[in-house]
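Commentary on secondary and tertiary structure
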Amino acid sequence: ENCGASWREAPAQPTKELQPRPERNHPTQAVWASCNYDYRFPCPLGYQAGATDGVCQVDEGYNVPHFCRRANTQRWTGKMKEAWAKSCHVAWPCLGPVAMGSNS
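Definitions and cut-offs
Residues numbered from 1 in each chain as written. Predicted model: local features only at pLDDT ≥ 70, side-chain atom pairs only at ≥ 80, totals over all residues. Heavy atoms only, no water. Disulfide = S-S within 2.5 Å. Helix = DSSP H or I, 4+ residues; strand = E, 2+ residues; numbered from the N terminus. Contact = heavy atoms within 4.5 Å. Buried < 20%, exposed > 50% of the residue type's maximum accessible area, 1.4 Å probe, protein only. Phe/Tyr/Trp six-rings, centres within 6.5 Å; stacked < 30°, edge-to-face > 60°. Salt bridge = Lys/Arg side-chain N within 4 Å of Asp/Glu carboxyl O. Lys, Arg positive; Asp, Glu negative; His and termini not counted. Core = buried A, V, L, I, M, F, W, Y, C linked by side-chain atoms within 4.5 Å. Pairing = 2+ DSSP bridges.

**Structural notes on the state of the cysteines**
- Tallied over the entire structure, the rule returns three disulfides.
- Between the sulfur of Cys 35 and that of Cys 94 lies a disulfide, 2.0 Å long from S to S. Between Cys 35 and Cys 94 the disulfide shows an S-S torsion of about -90°. By sign, it is left-handed. Of this pair, Cys 35 sits in the segment before strand 1 (47–49) while Cys 94 sits in the segment after helix 1 (78–88); the two residues are 59 residues apart in sequence, bridging distant segments of the chain.

This is how it looks when you write it as structure tokens:
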């Protein structure tokens, strides 16, 4: 029987689509993608400092933008190295021991 009571229908809640977890070999899952970097090193990973001028030169086989192939980082601050690394998609070595484990 209907006793005269009514209830408003609750609005549908938006469903949160689950994003698939990236594969383990995806760059975002790499240890270096989430470590604290040690900007005391003169050059990022994949670069060598020139013996005479100290200018960082990318190793053969690394695909970086042209403006990222060489850089004189000798007077750069950590923040400057961080900004350059982001624009060039490179990374400095990790600071201290790196915890290896699952990213779950």
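**Some words on the environment of Leu 45**
- For Leu 45, the position within the fold is in the segment before strand 1.
- Sequence separation between Leu 45 and Pro 93 is 48 residues, and the spatial gap between their C-alpha atoms is 6.2 Å.
- When near neighbours in sequence (up to four residues on either side) are disregarded, Leu 45 contacts Tyr 62, Ala 91, Trp 92 and Pro 93.

**Describing unusual backbone geometry**
- A positive phi is found at His 89, a non-glycine position, where the angle reads about 60°.
- Here His 89 lies in the segment after helix 1.
- Assessed through its relative accessible area of 69%, His 89 is described here as exposed.

**Looking at the packing of aromatic side chains**
- One pass over the full model with this rule turns up five aromatic pairs.
- Ring geometry for Tyr 37 versus Tyr 39: centroids 6.1 Å apart, planes at 55°, classification tilted.
- Three or more aromatic residues joined by ring pairs make a cluster, and in this case those are Tyr 37, Tyr 39, Tyr 47, Trp 76, Trp 84 and Trp 92.

**Comments concerning the pattern of salt bridges**
- For the structure on display, the rule yields four salt bridges.
- Put simply, Asp 38 and Arg 40 hold a salt bridge, and the shortest N to O gap is 2.8 Å.
- With a closest N to O distance of 3.7 Å, Lys 86 and Glu 82 form a salt bridge. Separated by four residues within a single helix, Lys 86 and Glu 82 lie in helix 1, roughly one turn from each other.
- Among the charged side chains, a network of salt bridges with common partners joins Lys 79, Glu 82 and Lys 86.

**Some details on the side chain of Lys 81**
- For Lys 81, the location among the structural elements is in helix 1.
- Despite its burial, Lys 81 pairs with no opposite charge, the nearest such side chain being Asp 38 at 7.8 Å.

**Considerations on the nonpolar core**
- Of all hydrophobic cores here, the largest spans twelve residues; its members are Cys 43, Tyr 47, Cys 56, Val 58, Val 64, Cys 68, Ala 71, Trp 84, Ala 85, Cys 88, Val 90 and Trp 92.
- Here the element with the most residues in this core is helix 1; it accounts for three residues.

**What to know about the sheet that holds strand 2 (residues 56–58)**
- With respect to topology, three strands assemble into an open sheet ordered 1-2-3, the strand pairing being antiparallel. Of all the strands in the sheet, just strand 1 and strand 3 (70–71) have a single pairing partner and so form its edges.
- Alignment of strand 2 against strand 3, held across two bridges, turns out to be antiparallel. The partner of Cys 56 across the bridge, within strand 3, is Ala 71.

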